[in-house]
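An overview of the molecular structure
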Amino acid sequence: MDFPTPQPPANPPTTILLDKYELGRLLGSGSFAKVHVARSIETNQLVAIKTIDKKRTAKAGMEPRIIREIEAMRRLHHHPNILKIHEVMATKTKIYLVMELAAGGEIFTKILRSGRLQEPEARCYFQQLASALTFCHREGISHRDVKPENLLLDKEGNLKVSDFGLSALPENRTSNGMLHTACGTPAYTAPEVIAQRDYDGVKADSWSCGVLLFFLLAGYTPFDDSHFVIMYRKMQGRDYKFPRWFSKQARFIIYRLLDPNPATRMSIEDVSETKWFKKGLEVSEFGSSVLDSDERLGRMRSDTITAFDLISLSSAWDLSGLFERRERKRTRFTARVSVEGVVEKVKTVGEKLGFRVDEKSEARVVGLSKGRMMVMVEAVELVEGLVVAEMKVVEGVEEEEDESYWSEIVVELEEIVFAWHNEATLQ
Ligand code: ADP
């Protein structure tokens, strides 16, 4: 008996993600994630979607790293050379990071293909990297894993720094401001990080930039990491050779960046002041590579703060629900009154309802406690005239939270509330 041979469908079925994105080809796989091209159904915009498997990351204890990556990218949203993250979505088993598409791929692949770069092109990438890192550092974030695999290119060839999974946010520091987790990739990692001493993340990034500039100009790294101990000794002893085609100025900068002593090592901001670095900045051959002046960065921040901070209020940015943990009660509201007005009102409400009222030293934070339960209200002025407050349970047990304290406070605050945010999901 003859069976008809099954024919493949004319158009392979497309995968639609959460009714919003049509998933396209696989761009690459990382250790815990897959990255696909995707198209927004609503806007037709092409994006990259990183799909993270919650089960695998939970097993490997990767959750903090993922949260850190999202949090860092969210805080660095404004810089043209930092890969933007548009949206975060999650299901029970997966997390989807919807990001800007870097259609030009990794700079690493470019070097593998072309061998090495000519100095003007290498400088242009270096300028963009320096601009992005200076921005990060001013925001109190160090990248900690600068290497060519984490430097992507968009379709115009502009550099996009990605992979903030190892980045250090200021709150992860020890009391003296130093970091102590060894991380990164050995060939690009500063000796003090390898030695697992407390280190300054900003200076560690400087070292990696030195290795990177060497790599862009040479096509290989100054230290070979196949013998770890030997490599470490060579780093300490400045034991590497410049290829003959490196210019005098490039040698000087790399030499100063690859200073084994972080205290005397050149900072990225200092490099930005050198003649070599400034060359070609005004009339750039490679698109938007111009190092942002302080002034421009300042403007960029204040112009965009409203949009950015309002985005951060939307539930798409609420990272607390990414991993399934019991979330304590939390809500936010925009206020009709000033920060001081919110603080005063919360204090009055607390006293009226019989809470112990604690005003924190920051003056815009008030704690209300009763028994084991504590509710905290913090108000900030996002831009002039726009005051947003967050109210959350910071201590207490579930049964107590279910009692009427929460709704009593909510009702009493109503007078100063312009609009509640996330009320439906968070209350
Ligand atoms: P890793 O585990 O190394 O951090 P990722 O999971 O971040 O890797 O990324 C996997 C691959 O997808 C890499 O090859 C990277 O170049 C590529 N990739 C990641 N993000 C983007 C993006 N926004 N646009 C284009 N390619 C990307």
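Residues numbered from 1 in each chain as written. Predicted model: local features only at pLDDT ≥ 70, side-chain atom pairs only at ≥ 80, totals over all residues. Heavy atoms only, no water.

If you check an unreviewed UniProt entry, the protein appears there as non-specific serine/threonine protein kinase from Eruca vesicaria subsp. sativa.

Another point: the pairing of strand 2 (residues 21-29). Taken together, the three bridges between strand 1 (residues 15-17) and strand 2 define a ladder with antiparallel strand orientation. Paired with Thr15 across the bridge in strand 2 is Leu23. What sits between the antiparallel neighbours strand 1 and strand 2 is a turn of three residues, in which Leu18 has the positive phi angle 45°. Note that strand 2 and strand 3 (residues 33-40) share six bridges and pair antiparallel. Looking at strand 3, one finds that Leu26 is bridged to His36. (Pairing = 2+ DSSP bridges. Helix = DSSP H or I, 4+ residues; strand = E, 2+ residues; numbered from the N terminus.)

So, about the sheet that holds strand 7 (residues 105-106). Here we have three strands laid out as an open sheet, ordered 7-8-9, and antiparallel in their pairing. Taken across any chain shown, the strands that pair with only one partner, and hence form the sheet edges, are strand 7 and strand 9 (159-161). Relative to strand 8 (residues 151-153), strand 7 runs antiparallel, the two sharing two bridges. Counted as the bridge partner of Gly105 is Leu153 from strand 8.

Although it is not a glycine, Asp19 sits at a positive phi angle of roughly 60°. Looking at the secondary structure, you find Asp19 in the loop between strand 1 and strand 2. The exposure class assigned to Asp19 is exposed, which follows from its relative accessible area of 71%. Here the phi dihedral of Asn44 falls at roughly 70°; this positive angle occurs in a residue that is not glycine. Looking at Asn44, the relative accessible area reads 49%, which means it is partly exposed. (Buried < 20%, exposed > 50% of the residue type's maximum accessible area, 1.4 Å probe, protein only.)

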